[in-house]
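# Report on the structure
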Amino acid sequence: MSHAPVVTLFTHAVRETREDVEEVASRLLVRVGDLAALASGALASQVDELGEFVSDRVDDVVGRVSAVVGDRVVGLGETLTGTARERD
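Residue positions are given per chain, counting from 1 as you read along its sequence in written order. Only residues with pLDDT of at least 70 get local features here, since the model is predicted, and only at 80 or more are side-chain atom pairs given and counted; chain-wide, interface and lining totals rely on the full set of residues. To obtain the side-chain values, all non-hydrogen atoms of the structure were included, while hydrogens and water were left out.

### Points about the overall build of the protein chain
Runs of E in the DSSP output that reach at least two residues are strands. Runs of H or I that reach at least four are helices, and both are numbered from the N terminus. In terms of regular secondary structure, the protein chain is built from 1 helix and 0 strands. Relative accessibility decides the category of a residue: with a 1.4 Å probe and only protein chains considered, values under 20% of the type maximum give buried, values over 50% give exposed, and everything between is partly exposed. Of all 88 residues assigned to the protein chain, the portion counted as buried reaches 0%. All accessible-area figures derive from a Shrake-Rupley calculation using a 1.4 Å probe, and residue coverage is judged against the displayed protein chains alone. About 7,900 Å² of surface is accessible on the protein chain, with carbon and sulfur atoms providing 64% of the total.

And the structure:
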């Protein structure tokens, strides 16, 4: 009895299985690539939003500091002016 037909069937089944595995792996790589692109886009969006948030907060702080410094400079100017008037 020859084992050739069994070996041929086994070889064919292995080949088909390998091709199926390769196809599934290829599809998975495409899906992973799609997910990576989505994640990258979402991350970029989050970074943009964080950048805007930080920029807004920095602008707020700079505005407050400028107002306080401006008030102090005006107060100092008034004090110096008043002192100068008292001397005259």
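### Digging into the pattern of salt bridges
We define a salt bridge as a side-chain nitrogen of Lys or Arg found within 4 Å of a carboxyl oxygen belonging to Asp or Glu. Evaluation of the coordinates by the stated rule reveals 3 salt bridges. One salt bridge in this structure joins Glu22 and Arg18, with 3.4 Å as the shortest N-O distance. With a gap of 4 residues between them, Glu22 and Arg18 both fall in helix H1 (residues 4-87), about one helical turn apart. Judged by relative accessible area, which is 46%, Glu22 ranks as partly exposed.

### Description of a nonpolar patch on the surface
Patch definition: residues above 30% relative accessible area lacking any salt bridge, with like charges linked at up to 9 Å and the nonpolar side chains Val, Leu, Ile, Met, Phe, Trp and Tyr linked at up to 5 Å. Together, Leu50, Phe53, Val54, Val58 and Val62 line one region of the surface with nonpolar side chains, adding up to about 440 Å² of accessible area. Positionally, Val62 belongs in helix H1.

### Thoughts on the environment of Arg27
Summarising the element assignment, Arg27 is placed in helix H1. Counting of polar contacts relies on pairs of N or O atoms within 3.5 Å, with two restrictions inside protein: one atom must be capable of donating a hydrogen and the other of accepting it, and residues adjacent in sequence are counted only when both atoms are side-chain atoms. A polar side-chain atom of Arg27 sits 2.7 Å from a polar atom in the side chain of Glu23.

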